[in-house]
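Here's the letter readout for the chains.
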Amino acid sequence: MENKKYPGDSVVTGHGRINGRVAYVFSQDFTVFGGSLSGAHAKKICKVMDQAMLVGAPVIGLNDSGGARIQEGVESLAGYADIFQRNVMSSGVIPQISVIMGPCAGGAVYSPALTDFTFMVKDTSYLFITGPDVVKSVTGEDVTQEELGGAKTHTAVSGVAHGAFENDIDALLKLRDFFNFLPLSNKDPPPVRECDDPWDRDVPGLDTVVPLETMAAYDIRDVILGVVDERDFFEIMSNYAKNIVVGFARMNGKTVGIVGNNPKVAAGCLDINSSVKGARFVRFCDSFNIPILTFVDVPGFLPGTFQEYGGIIRHGAKLLYAFAEATVPKITVITRKAYGGAYDVMSSKHLRGDTNYAWPTAEVAVMGAKGAVQIIFRGKNNQKESEQEYIEKFANPFPAAVKGFVDDIIEPRTTRKRICQDLDLLESKRLRNPWKKHGNIPL
């Protein structure tokens, strides 16, 4: 081992520009000792992360590592801890992006887990604490690398990865597109791009996107794509917790973060996974001064023993905490249902929402008509009439508008124009939370 000399060890580090904007990059080299982490390897990564913090530029890690270099013993473990410490210190200061481009095992998985976004490459990248052989010897389970920690597992089942790309080249090209949405640091405004899409464009398709039948499903992506610039929407975690859609887009050339309940999956109910997915995304946007645009069509939190035993109360509170804590411009559009506690959670006026709109199809109420009537008029015969009366009184946006919880009831086709006007107005928004060391989010 001592006779083998590899210049630069098993990692390449440096800085460059992506579309004219500075980025710091480290890329692990699997051809040198399997990309394993040594003391020198760790020092190189730490140096590049320190410099990125110093100048205020994002860090991109191209990960392909077998874990700690066993021959170096505790020194390689110390190297991991040094990197983890810098991941934590950089969190919320500069964007951190990890791309898994090969097998990553053991300690190598925790640095990507601490970064803001983790992307994988289909069929060639793996993330796991211990490999299939160790799993078999400890638990007796027979499992392949792909099943244990492949891209499909982490993008659809565990939620560890935020997306997967077809191959290495596709990953690098899509990463460049993604980078264009992000500010360089928490002191930089989000990037602005010249926009050929008129800001005051009417979107007639939105007038008919919500079905007349209140129980009928539709895809919230149709609303998002109609509203944003040039139908360009970079979705995050598209295969995980599909009942909520999150991602980046632009409005009049300016980056916005979008959160929307998707009635096409589980009727748009909030559950454990969707709450965690939404909360993490909202906190990223708030950290980096990216305005948050929320589309609401939520009948409530998903009921059932599975959700209750899994801690839906605690996990649902994460999304509530994230929206309540956020100080960036927050614009909310209620497209149809906004029922119960889920109405409060989804960036309502009560959580310091700046502008809250409702479409004419909106229903802001404690619960749906059928359930409400069964409780209020239990044991009475004329439940059908009572249900109709409840619908007329509460299954519309007017009670909320009268009380000021909704700023305006707007024609769906004018949504883009109204949002662009509000974003311009809110550009100079300054809001500070009370001083504290940090809040205690219900983890």
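Here, the structure is the one placed above.
Described below are features of the structure shown in this document.

Reading the values: the criteria
- Residues numbered from 1 in each chain as written.
- Predicted model: local features only at pLDDT ≥ 70, side-chain atom pairs only at ≥ 80, totals over all residues.
- Heavy atoms only, no water.
- Helix = DSSP H or I, 4+ residues; strand = E, 2+ residues; numbered from the N terminus.
- Rg over C-alpha atoms; globule rule 2.2 N^0.38 Å.
- Buried < 20%, exposed > 50% of the residue type's maximum accessible area, 1.4 Å probe, protein only.
- Contact = heavy atoms within 4.5 Å.
- Areas by Shrake-Rupley, 256 points an atom, 1.4 Å probe, with all protein chains shown as cover.
- 1 Å grid on protein atoms, 1.4 Å probe; cavity = no way out; pocket = protein on both sides within 12 Å on 5 of 7 lines; lining within 4 Å.
- Points joined across faces, edges and corners; volume = space filled by probe spheres on them.
- Nonpolar A, V, L, I, M, F, W, Y, C, P; charged D, E, K, R; others polar.
- Core = buried A, V, L, I, M, F, W, Y, C linked by side-chain atoms within 4.5 Å.
- Polar contact = N/O pair within 3.5 Å; in protein donor to acceptor, adjacent residues only side chain to side chain.
- Pairing = 2+ DSSP bridges.
- Right-handed = clockwise from strand over helix to strand, strands pointing away.
- Expected span 1.5 Å × (residues − 1).
- Arc of directions from axis to C-beta.
- Salt bridge = Lys/Arg side-chain N within 4 Å of Asp/Glu carboxyl O.
- Axes fitted to C-alpha atoms, helices over the stretch in contact; angles between N-to-C directions.
- Parallel < 35°, antiparallel > 145°, perpendicular 65-115°, else oblique.
- Left-handed = near helix turned anticlockwise from the far one by under 90°.
- Patch = residues over 30% accessible without salt bridge, like charges linked within 9 Å, V, L, I, M, F, W, Y side chains within 5 Å.
- Phe/Tyr/Trp six-rings, centres within 6.5 Å; stacked < 30°, edge-to-face > 60°.

Right, let's talk about the overall build of the protein for a bit. Check the secondary structure of the protein and you find 16 helices and 15 strands. What you see for the protein is a C-alpha radius of gyration of 24 Å, in line with the 22 Å of a compact globule of 443 residues. If one aligns the C-alpha atoms of the protein with their principal axes, the spans along those axes are about 90 × 55 × 40 Å. Going through the 443 residues of the protein one by one, you find that 50% of them count as buried. The contacts in the protein between residues at least 6 apart in sequence include a share of 73% that link residues at least 24 apart. Counting every atom, the protein has about 21000 Å² of accessible surface; 56% of that belongs to carbon and sulfur.

For the rest of this paragraph, the subject is the layout of surface pockets. Over the atoms a probe the size of a water molecule is rolled, and this reveals where empty space is left. Taken as a whole, the second largest pocket encloses approximately 530 Å³ of empty space. What lines the second largest pocket is a set of 21 residues, and nearest its centre among them are Thr214, Met215, Lys337, Tyr339 and Glu363. Sorting the residues of the lining of the second largest pocket by element identifies β12 (330-339), β14 (363-365), α13 (369-376) and α14 (383-394) as the ones contributing at least two each. Classifying every residue of the lining of the second largest pocket gives twelve nonpolar, four polar and five charged.

On to the nonpolar core. In globular proteins that are soluble, nonpolar side chains generally tend to be buried together. By size, the foremost hydrophobic cluster in this structure holds 55 residues, and its most contacted members are Phe178, Ile236, Phe248, Val259 and Ile334. The leading source of residues in this core is helix α9 (residues 272-287), at five residues. If near-sequence neighbours (up to four positions away) are discounted, phenylalanine 178 is found in contact with Ile97, Phe117, Phe119, Phe234, Ile236 and Phe248. Leu206, Leu293, Val333 and Ile410 belong to the second-largest nonpolar core, a separate cluster that totals 27 residues.

Moving on, we come to the environment of arginine 250. The topology assignment puts arginine 250 in strand β9 (residues 244-251). Leave out the neighbours within four places in its chain, and arginine 250 touches Asn180, Phe181, Arg193, Val228, Asp229, Asp232, Thr255 and Val256. At a separation of 3.4 Å, a polar atom in the side chain of arginine 250 contacts the side chain of aspartate 232.

What follows is about the pairing of strand β13 (residues 355-358). A two-sided burial pattern is seen for β13, the buried positions comprising Thr355 and Tyr357 on one face and Asn356 and Ala358 on the other. Sheet topology note: the β12/β13 ladder contains four bridges and is parallel. Residue isoleucine 331 lies in a different strand from β13, and its bridge partner there is threonine 355. Taking the sense of rotation as the criterion, the β-α-β connection linking β12, helix α12 (residues 340-345) and β13 turns out right-handed.

So, about helix α7 (residues 168-179). Taking 1.5 Å per residue as the helical rise, α7 with its twelve residues ought to reach 16 Å, and the 16 Å between its terminal C-alpha atoms agrees with that figure. If you check which residues of α7 are buried, you get Asp170, Ala171, Leu175, Phe178 and Phe179. The buried residues of α7 all sit within an arc of 165° when viewed along its axis, so they share a single face. In α7, the exposed positions angled more than 90 degrees off the buried face are occupied by Ile169 and Leu173.

Opposite charge on two side chains makes pairing possible when the charged atoms of those side chains draw close. Overall, the coordinates contain 20 salt bridges when judged by the stated rule. Between lysine 122 and glutamate 166 there is a salt bridge; the shortest N-O distance is 2.7 Å. Residue lysine 122 is found in the loop between β5 (117-121) and β6 (126-128), and its partner glutamate 166 is found in the loop between β7 (163-165) and α7; the two are separated by 44 residues along the sequence. One connected set of salt bridges, linked through shared partners, spans Asp219, Arg221, Glu235 and Lys264.

Bringing the packing of α9 against helix α11 (residues 312-325) into the picture now. Interhelical geometry of α9 versus α11 gives an angle of 20° and a closest axis separation of 8 Å. Looking at the two axes, α9 sits roughly parallel to α11. Here α9 runs over α11; the crossing is left-handed. Contact with α9, carried on its side by Ile272, Ser275, Val276, Gly278, Ala279, Val282, Arg283 and Asp286, involves Ile312, His315, Gly316, Lys318, Leu319, Tyr321, Ala322, Phe323 and Glu325 of α11 and no other residues of that element.

Moving on: the packing of α13 against α14. At a closest axis distance of 9 Å, the pairing of α13 and α14 adopts a crossing angle of 125°. Taken together, the axes of α13 and α14 are oblique relative to one another. Between α13 and α14 lies a crossing of right-handed hand. Contacts from Ala369, Lys370, Ala372, Val373 and Gln374 in α13 reach Gln383, Ser386, Glu387, Tyr390 and Ile391 in α14. Of the residues assigned to the contact of α13 with α14, the class counts are five nonpolar, three polar and two charged.

Taking 1.5 Å per residue, 16 residues should reach 22 Å; α9 reaches 23 Å between its end C-alpha atoms and fits that length. Residues of α9 that are buried: Ile272, Ser274, Ser275, Lys277, Gly278, Ala279, Phe281, Val282, Phe284, Cys285 and Asp286. Structurally, the start of α9 carries an N-cap: the backbone nitrogen of asparagine 273 is 3.5 Å from a side-chain oxygen of aspartate 271. Downstream of α9 by a residue or two, asparagine 289 has a phi angle that is positive, lying close to 60°.

Within the element layout of this structure, asparagine 396 appears in the loop between α14 and α15 (398-402). Engagement of the side chain of asparagine 396 in a polar contact is seen with the backbone nitrogen of phenylalanine 398, the distance being 3.0 Å. The contact partners of asparagine 396, leaving out residues within four places of it in the chain, are Ala362, Glu363, Val364 and Ile391.

What follows covers a nonpolar patch on the surface. Taken together, the side chains of Met53, Val88, Met89 and Leu114 define a hydrophobic patch exposed on the protein surface, amounting to about 320 Å² of accessible area. The topology assignment puts methionine 53 in helix α1 (residues 39-55).

Turning our eyes to something else, we now look at the packing of aromatic side chains. The geometry of an aromatic ring pair comes down to the distance between the two centres and the angle between the two planes. Under the defined criterion, the tally for this structure stands at 16 aromatic pairs. Between phenylalanine 117 and phenylalanine 119, the aromatic rings sit 6.5 Å apart at their centres with planes inclined by 10°, giving stacked as the arrangement. The same class applies to phenylalanine 117 and to phenylalanine 119, which are both buried. On the basis of an interplanar angle of 70° and a centroid distance of 4.7 Å, the ring pair of phenylalanine 117 and phenylalanine 284 is categorised as edge-to-face. With phenylalanine 117 in strand β5 and phenylalanine 284 in helix α9, this residue pair connects regions lying 167 residues apart in the sequence. Phenylalanine 117 sits in the buried class, given a relative accessible area of 3%.

Keep in mind that these numbers describe shape and distance, not what the molecule does.
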